[in-house]
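# Structure at a glance
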Amino acid sequence: MSDCEKIREAGAKWRERLRPSATERDALFETISGEPVRDLYTPCDVEGLDYERDLGFPGQFPFTRGIRNNMYRGRLWTMRQFSGFGTAMDTNKRYHFLLDRGQTGLSVAFHMPTIMGYDSDHPRSLGEVGRCGVAIDSLEDMEVLFDRIPLDRVSTSMTINAPASILLAFYICVAEKQGVSSDKISGTIQNDILKEYIAQKTWIFPPEPSMRIITDIMGFCVDHVPRWNTISISGYHIREAGSTAAQELAFTLADGFAYVEAGIKAGLDVDRFAPRLSFFFNAHLDFFEETAKYRAARRIWAREMKEKYKAKKPESWLLRFHTQTAGCSLTAQQPENNIVRTAYEALSAVLGGTQSLHTNSMDETLALPSEKAAQIALRTQQIIACESGVANTIDPLAGSYFVEALTERLEKEAYDYFDKIESMGGVVKAIDRGFFQKEIADAAYEYQKKIEQKKAIVVGVNEYVIEDEEIEIPILKIDPEVERIQVGRVRALREKRDNGLVKTRLEALKKAAAGPDNLMPLILEAARAYATLGEIIQVLKEVFGEYKERPIF
Amino acid sequence: MERKVRVLVAKPGLDGHDRGAKVVASALRDAGMEVIYTGLHQTPEMIVEAAVQEDVDVVGLSILSGAHMTLLPRVVQLLREKGVDDVLVVGGGIIPEADAEELASAGIARIFGPGCPTSEIASYIKDWFETSERAGV
């Protein structure tokens, strides 16, 4: 009789004895993604698990237990708070505040016009300037944003997609002005356009030219900005849009493989660009499912990069990732409770081996974070790092029957989705068909129905409600003056720069866009001449056109 | 038989957060209404044009970009300019309480914030419709 048969037999007896007394609460025993969870997990649930093949050691293939040999015993994760509002002056002040409080990296939140490729004085920017992030129209604003921040020592992540090439160009120019050459800077541009079509929905160009810009960036950075993460392949927004954990995992990795295939097709050597691909996941509330998700992600990526895409360098197999706690899990009701939610979410990311982490502020369902809320959010990470003891050992949940079973289940679900996507002809074709969009919208609606039927409990929203609650936390207000100031800045810039030079460089860019050359050097030249973001996007739109989505619900 | 309430769910502003809009659109459809969804990145002009063309009873505006104080009143203003004053305009998104009060005086009847059950939105609309001038149209 095998060990598992013995355990099964003993388990059956335990269940027999248990039955008369064991009634269960009237609750849905399932993960937040709707996956059923049993009452007990035993070695029989991970019977096929082979330690060396499926888990291995940290820093070794397949990296299930982490990508570094020593993980947090060597270096803690980077505490990187996503931040930006008002003008570059306002946000620069907040960056200095966060760095003074012990933050170890920067992460830029841009306002909607920058994200969508409009200057602050464009009619579509009306009312949006500095509201949802910081207003950046040109290199001039970027110089102010990083004033007195040494770009050779601080790494910066920029949440920017369709115009990523332009913001990277601005950043390279600021570094140059600080005397830091482009091979010394490090950071990340999100630059993940596929998930824009799928979930975040801030696109500009159609998929084909968008993918071309991305491979141009990858090619340029290999030679000139070797420490830059050229894409942050993001599941965060997919999850925020309402997906399940398995969908987040599967769709994100599928996007990742699509970029790898695009790079290879553009003639790049996989081992030259793959080490600079990074990932960005959500940390939602379902604690064990989230940790399992990160572990499954590492294992799948390593295996596929090695076996399917034939990458030879171990760095190409590593899934390095940033995590942000789930904005969609926060409540406007009793907002102080969000501190607790965020802490558990952050803990799941740390136990899942994240390389960097953003913890949300309690007030984010109401407005952008106040200074106080932002400080508590950062302190949450510092408490996990320094007080909880979880950073003392590597991958402490490994070997948990439940966590390993969840890891295997998520992995299997991801492969089922890969097959489905492949049968549709790949990621871009599946986007065209609205496949991801529909899957996510359906999952979001299912979850909403569970809340309304009280099958899922949200504290303070459908249970433990305080009637006529007064919100007692401070709310950040964006001064309406911000828009006037910023519009004035960009207009003044157009007066004082060499407009002849701007025109020549934009024309050169436009010409190149119609041909096969790498666009990055030309975008850099336009940026150096203080061409604005909106102007650069405009010439590219004239060549590439604009993407239109077929709205479905 | 009573006719179905016609609702335009619209996304003004530049943000792409469409989870709320789509969930509300699905819930109102399941509550027996006819729902038209504009899709993303709509200007107030585009929304008003769609509202007039589709002859809707209700315009629901979902916005999470922070531009609500500019864009939402503009939708109401443009509707009035077109002579449409019997349509219910409501909103939702990341909109602080103080702003919601100001928006009410600009003609946005109600802001449904985060955590609001979709059933509350549906019954608000149905109650309004029963007593509105449009019910007999």
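Moving on, we get to the overall build of chain B. A tally of helices and strands in chain B yields 5 helices and 5 strands. From first element to last, N terminus to C terminus, chain B shows the α and β order β-α-β-α-β-α-β-α-β-α. The C-alpha radius of gyration computed for chain B amounts to 13 Å, which stays within 12% of the reference 14 Å derived for 137 residues, consistent with globular compactness. Taking the principal axes of its C-alpha atoms as reference, chain B extends roughly 40 × 35 × 25 Å. Here chain B holds 137 residues, and the buried ones make up 56% of them.

The subject of this paragraph is a nonpolar patch on the surface. Judged by side-chain polarity, Ile457(A), Val459(A) and Tyr464(A) come together as a nonpolar surface patch covering roughly 300 Å² of accessible area. By secondary structure assignment, the location of Val459(A) is in the loop between helix H19 (435–452) and helix H20 (481–496).

Another aspect to go through is the sheet that holds strand E5 (residues 228–229) of chain A. Residues and elements named next belong to chain A. If you walk across this open sheet you meet the 9 strands as E5-E4-E3-E2-E1-E9-E8-E7-E6, and the pairing is parallel. In this open sheet, the two strands that pair with only one neighbour each are E5 and strand E6 (231–234). In this sheet, strand E2 (residues 105–108) lies alongside strand E1 (residues 78–83) in parallel orientation, the contact comprising 4 bridges. Paired with Ser-83 across the strands is Val-108, a residue of E2.

All names here are of chain A. Summed over the entire model, instances satisfying the criterion amount to 4 cavities of 30 Å³ or more. Taken as a whole, the largest cavity spans an internal volume of roughly 80 Å³. Lining the largest cavity are 13 residues; nearest its centre among them are Met-71, Tyr-72, Val-350, Ile-394 and Asp-395. Of all the secondary structure elements, the ones that give two or more residues to the lining of the largest cavity are helix H3 (71–74) and helix H15 (337–351).

What follows deals with the interface of chain B and chain A. Across the boundary between the two partners, chain B contributes 37 residues, which contact 39 residues of chain A. With both sides pooled, the region where chain B packs onto chain A buries about 2900 Å², and carbon together with sulfur makes up 58% of that total. Among the residues chain B hides against chain A, the three largest losses belong to Leu14(B), Arg19(B) and Lys22(B). Together they make up 26% of the total. A salt bridge links Asp18(B) to Lys201(A); the shortest N-O distance between them is 2.8 Å. Linking chain B to chain A there are 13 residue pairs in polar contact (both at pLDDT 80 or more). Elements that contribute at least two residues to the side of chain B that touches chain A include exactly helix H1 (19–30), strand E2 (34–37), helix H3 (68–81) and helix H5 (118–131) of chain B. Here the element with the most residues in the side of chain B that touches chain A is H1(B); it accounts for 8 residues.

Residues and elements named next belong to chain A. Within this structure, the stated rule accounts for 31 aromatic pairs over all chains. Ring plane angle 45 degrees and centroid distance 4.8 Å describe the contact between Tyr-41 and Phe-402, whose orientation is recorded as tilted. Here Phe-402 lies in helix H17 (residues 401–423) and Tyr-41 lies in the loop between helix H1 (3–18) and helix H2 (51–55), a separation of 361 residues in the sequence. For Tyr-41, a relative accessible area of 18% translates into the label buried. Of the residues examined, Phe-402 reaches a relative accessible area of 19% and is grouped as buried. An aromatic cluster of at least three residues, connected via ring pairs, comprises Phe-257, Phe-279, Phe-281, Tyr-294, Trp-301, Tyr-309, Phe-321, Tyr-415 and Phe-418. Cation over ring: Arg-38 sits above Tyr-41, and NZ or CZ is 4.7 Å from the ring centre. Above the ring of Phe-61, the side-chain terminus of Lys-306 is found at 4.2 Å from the ring centroid.

Looking now at the layout of surface pockets. It is a probe the size of a water molecule, rolled over the atoms, that shows where empty space is left. As a volume, the second largest pocket reaches approximately 1100 Å³. Surrounding the second largest pocket, 37 residues form its lining, Ala332(A), Gln333(A), Glu97(B), Gly113(B) and Pro114(B) being those nearest its centre. Secondary structure elements with two or more residues in the lining of the second largest pocket: H19 of chain A together with helix H4 (97–105) and strand E5 (110–112) of chain B. Element by element, the count of residues in the lining of the second largest pocket is highest for H4(B), at 4 residues.

The next thing to look at is H1(B). Here H1(B) contains 12 residues, and its C-alpha end-to-end distance of 16 Å stays within 8% of the 16 Å for a straight helix at 1.5 Å per residue. Those residues of H1(B) that fall on the buried side of the exposure criterion are Ala21(B), Lys22(B), Val23(B), Ala25(B), Ser26(B), Ala27(B) and Leu28(B). Where H1(B) is buried, its residues contact H19 of chain A together with strand E1 (6–10), E2, strand E3 (58–63) and H5 of chain B. Positive phi shows up at Gly32(B), right after H1(B), with a value of about 95 degrees.

Conventions adopted
Residues numbered from 1 in each chain as written. Chains lettered and ligands numbered in written order. Predicted model: local features only at pLDDT ≥ 70, side-chain atom pairs only at ≥ 80, totals over all residues. Heavy atoms only, no water. Helix = DSSP H or I, 4+ residues; strand = E, 2+ residues; numbered from the N terminus. Rg over C-alpha atoms; globule rule 2.2 N^0.38 Å. Buried < 20%, exposed > 50% of the residue type's maximum accessible area, 1.4 Å probe, protein only. Patch = residues over 30% accessible without salt bridge, like charges linked within 9 Å, V, L, I, M, F, W, Y side chains within 5 Å. Areas by Shrake-Rupley, 256 points an atom, 1.4 Å probe, with all protein chains shown as cover. Salt bridge = Lys/Arg side-chain N within 4 Å of Asp/Glu carboxyl O. Pairing = 2+ DSSP bridges. 1 Å grid on protein atoms, 1.4 Å probe; cavity = no way out; pocket = protein on both sides within 12 Å on 5 of 7 lines; lining within 4 Å. Points joined across faces, edges and corners; volume = space filled by probe spheres on them. Contact = heavy atoms within 4.5 Å. Buried area = accessible area lost by both parts, 1.4 Å probe. Polar contact = N/O pair within 3.5 Å; in protein donor to acceptor, adjacent residues only side chain to side chain. Phe/Tyr/Trp six-rings, centres within 6.5 Å; stacked < 30°, edge-to-face > 60°. Lys NZ or Arg CZ within 6 Å of the ring centre and 35° of its normal. Expected span 1.5 Å × (residues − 1).

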